[in-house]
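# Examination of the molecular architecture
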Amino acid sequence: MKVKGSEALMLALKNEGVKTIFGYPGGSIMPVYDALYDYTRGEKKAFDHILVRHEQAATHAAEGFARVSGQVGVALVTSGPGATNTLTGVADAMLDSTPMVVIAGQVPIGALGTDAFQEVDLVGVAQPVSKWSYQIRHAEDIAWAVSRAFYIARSGRPGPVVLDFPKNAQTEEVDFLPCEVKFVRSYVAYPKLNPHAVKEAAEIINGAKKPLALVGQGVELGHAQEELKAFLEKADIPAGRTMLGLSALPSNHPLNVGMLGMHGNYAVNLKEQECDVLIAIGMRFSDRVTGNLKTYAKQAKIIHLDIDASEIDKNVKTDVAVIADCKVSLPAITELVNPASHQEWRNSFLPLNEKEREKVIEPAIHPKEGPLLMGEVVNAVAEATRGEAVLVTDVGQNQLFATRYFKYHRYRSICTSGGLGTMGYGMPAAIGATFGAPDRTVCCFMGDGGFQMCIQELGTIMEQQAPVKMILMNNNYLGNVRQWQDMFWRQRKSFTRMLNPCYELIAQGYHIPYEAVTDRQHLAGAVAKMLATDGPYILECAILEDDNVLPMTPPGMNVDDMMLEV
């Protein structure tokens, strides 16, 4: 049927199963928004459109939606500043392998290169930070371009795709025919499993006395959580998890030995330097995990399972690389590994766990006096939600405390900015998560710095009545930078103290229920009230100003140089 390009886009998105769009209108995308009017109501209704208050928030909301739902998130914006405002979210999604399609308006192709109003070379600026960027120059290309964009975004190692949509292509008429792209030449989304690599990996694992698995988000992206458990349980292998991979293995699983990385758990970080076989599964050996690469796990044989061949040997030299979707590679290895018991090796973690519990965890979650601590606030919410909630964080100390002390009993339960570390991510990602998992409680932890970077999205929450439970941990500082200044910069607190507004009045302005907690005797009751309240809620907690995240591996140091105290 003959339709305008703007409606062809609606039909193409509908063909991809899109139900939710996060966006912000403007001049160069106006024909699309005019078409969207009919597709969000009446007989043609196919989409819910969530009007954000800033284009960057559209991308973070799309990320949050994608992370909890496993579907592709969609953001729709205008040209120029509307498009460039999305680039932080695009880069964030690229580093964290989040499937997302950003569609941005553009000036007509006849005006390209003339410095027209709100013209920017979006394909050029997006290319380095996206999986694919493309300009749809004519309406006849819409069906193909959209299908290809979604195929690339969701397949293989997921990531963001940017479509630049000139205004002439939106207004041209075209005979719309649905298109389904299942193949892109030179793009191998799912590498073929090498049985020799599988056999070699299994032989090394069978000979291991002290094996250790490192579990990343790739397990969840590959929907291989059950395959992971089958592998670990058969071979009796303790497993640490990266920050993004925290919910790939339930917190209470007996083989779960904690979080990896700079502020992870003490035992698993030290044991990376003692194990004889290290099995990395869907993770990229980030510098925040490895510390000093020159000394990292030199005693161990390294087996790396990843769908992306570019990650192999990029940071850590491997002995065996199994390049495939872990949904395929894990069962293949599991079939060849022998049932094993590594009880003595697993027991060796216990004294280190107890040392961390005594020196760090108990003082953090059960302090006896003084101001509130971030750890006890996170623990109170974790206990009240019983591991069933979705955790969303901003970036900074709030993120590190939240990921350490929250509990994860269900898959796809964490949304946080890992690779890019984007402040302002939390609130819009939480909005997206409420649409991606409407049946789950979404708890969003933020510091006062990150909260103010996305404070305008309270308007989105108000309009949508998005049931985000916002826990504002206010210490009047950019806390993570302040901690580094105290520890490594001779306590020279250069521009990290913040003069904050009255958040109660701000909550009133947005008609969002609010409570402040300054006394730990009232914390449990305030958390219970927040969770029992329908819709959004802001719980502000007054936090000790110099509360520090521990343990910590100082930057550039060996992974086993982890500090339990300052």
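Residues numbered from 1 in each chain as written. Predicted model: local features only at pLDDT ≥ 70, side-chain atom pairs only at ≥ 80, totals over all residues. Heavy atoms only, no water.

## Brief notes about the overall build of the protein
Per the secondary structure count, the protein includes 24 helices and 20 strands. For the protein, the C-alpha radius of gyration of 24 Å lies close to 24 Å, the compact-globule estimate for 566 residues. For the protein, the proportion of its 566 residues judged to be buried stands at 58%. Counting contacts in the protein only where the partners sit at least 6 residues apart, residues at least 24 apart contribute 77% of the total. For the protein, the accessible area works out to roughly 22500 Å², and carbon and sulfur atoms hold 52% of it. (Helix = DSSP H or I, 4+ residues; strand = E, 2+ residues; numbered from the N terminus. Rg over C-alpha atoms; globule rule 2.2 N^0.38 Å. Buried < 20%, exposed > 50% of the residue type's maximum accessible area, 1.4 Å probe, protein only. Contact = heavy atoms within 4.5 Å. Areas by Shrake-Rupley, 256 points an atom, 1.4 Å probe, with all protein chains shown as cover.)

## A word on the sheet that holds strand β5 (residues 100–106)
Ordered by their spatial adjacency, six strands build an open sheet running β3-β2-β4-β5-β7-β6, and the pairing between neighbours is parallel. Each edge of the open sheet carries a strand with a single partner, namely β3 (48–51) and β6 (132–135). In this sheet, neighbouring strand axes are inclined to one another by 20° on average, regardless of whether the strands run parallel or antiparallel. Across four bridges, β6 lies against strand β7 (residues 160–166) in parallel orientation. Residue pairing in the sheet places Tyr134 in a bridge with Leu163 of β7. (Pairing = 2+ DSSP bridges. Axes fitted to C-alpha atoms, helices over the stretch in contact; angles between N-to-C directions.)

## What about the environment of Ala267?
Tracing the backbone through its elements, the reader meets Ala267 in helix α12 (residues 266–271). A sequence separation of 295 residues divides Ala267 from Met562, and the C-alpha atoms of the two residues are 9.8 Å apart. The residues touching Ala267, leaving out its near neighbours within four places in the chain, are Phe349, Leu352, Asn353 and Glu356.

## Thoughts on the pattern of salt bridges
According to the stated counting rule, one finds 22 salt bridges in the structure shown. Residue Asp96 is joined to Arg67 by a salt bridge in which the shortest nitrogen-to-oxygen separation is 3.9 Å. Here Asp96, found in the loop between α5 (87–95) and β5, pairs with Arg67, found in helix α3 (residues 55–69); they are 29 residues apart in sequence, far enough to count as distant. Between Glu362 and Arg357 there is a salt bridge; the shortest N-O distance is 2.9 Å. The exposure class of Glu362 is partly exposed, given its relative accessible area of 28%. Salt bridges here are not isolated pairs; linked through shared partners, they connect Arg157, Asp308, Glu311 and Lys314. (Salt bridge = Lys/Arg side-chain N within 4 Å of Asp/Glu carboxyl O.)

## Quick notes on the nonpolar core
Leu278, Phe285, Tyr296, Phe406, Phe445 and Ile471 are the most contacted members of the largest nonpolar core, which has 66 residues in total. Per element, the largest residue contribution to this core is six residues, and it comes from helix α17 (residues 374–385). Leave out the neighbours within four places in its chain, and Phe285 touches Leu214, Leu278, Ala280, Thr290, Tyr296, Ile302, His304, Asn315 and Val316. Counting residues in each nonpolar core, the second largest holds 43 residues, with Ile29, Ala46, Ala153 and Val181 among its members. (Core = buried A, V, L, I, M, F, W, Y, C linked by side-chain atoms within 4.5 Å.)

## Some details on the sheet that holds strand β20 (residues 537–542)
The sheet built from six strands is open, its strands ordered β16-β15-β17-β18-β20-β19 with parallel pairing. In the strand order of this sheet, the two ends are held by β16 (414–415) and β19 (514–517), each with one partner. In terms of strand pairing, strand β17 (residues 442–447) meets strand β18 (residues 468–474) through six bridges, oriented parallel. Note on β18: the bridge partner recorded for Gly447 is Met473.

## Some words on the packing of α3 against helix α19 (residues 426–436)
α19 packs onto α3 with a crossing angle of 40° between their chain directions and a minimal axis gap of 6 Å. When the axis of α3 is compared with that of α19, the two are oblique. Of the two possible hands of crossing, α3 and α19 adopt the one that is right-handed. On α19, the residues touching Ala57, His60, Ala61, Gly64, Phe65, Val68 and Ser69 of α3 are Pro428, Ala429, Gly432, Ala433, Phe435 and Gly436. Grouping the amino acids of the contact of α3 with α19 by side-chain chemistry returns eight nonpolar, five polar and no charged. (Parallel < 35°, antiparallel > 145°, perpendicular 65-115°, else oblique. Left-handed = near helix turned anticlockwise from the far one by under 90°. Nonpolar A, V, L, I, M, F, W, Y, C, P; charged D, E, K, R; others polar.)

## Quick look at helix α7 (residues 142–154)
Given a rise of 1.5 Å per residue, 13 residues ought to cover 18 Å, and the 18 Å separating the end C-alpha atoms of α7 matches this to within 8%. The element α7 is largely enclosed, with a buried count of ten among its 13 residues. Among the residues of α7, Ile142, Ala143, Ala145, Val146, Ser147, Ala149, Phe150, Tyr151, Ile152 and Ala153 are the ones counted as buried. Buried residues along α7 sit in contact with α1 (5–15), β4 (73–77), β5, β6, β7 and α8 (167–171). Downstream of α7 by one or two residues, Gly156 has phi in the positive range, about 60°. (Expected span 1.5 Å × (residues − 1).)

## Quick notes on the packing of aromatic side chains
Summed over the entire model, instances satisfying the criterion amount to 14 aromatic pairs. Each ring, one from Tyr134 and one from Trp144, has its centre 5.4 Å from the other, and the planes form 75°; the classification is edge-to-face. One end of the pair, Tyr134, is in strand β6; the other, Trp144, is in helix α7, and ten residues separate them in sequence. With 6.1 Å between their ring centres and 75° between their planes, Phe406 and Phe445 make a pair best called edge-to-face. With Phe406 in the loop between α18 (397–405) and β16 and Phe445 in strand β17, this residue pair connects regions lying 39 residues apart in the sequence. Residue Phe406 shares its accessibility class with Phe445, and that shared class is buried. An aromatic cluster of three or more residues is present, and its members are Phe22, Phe65 and Phe435. Above the face of the Tyr37 ring, Arg41 is positioned so that its terminal group lies 3.9 Å from the ring centre. (Phe/Tyr/Trp six-rings, centres within 6.5 Å; stacked < 30°, edge-to-face > 60°. Lys NZ or Arg CZ within 6 Å of the ring centre and 35° of its normal.)

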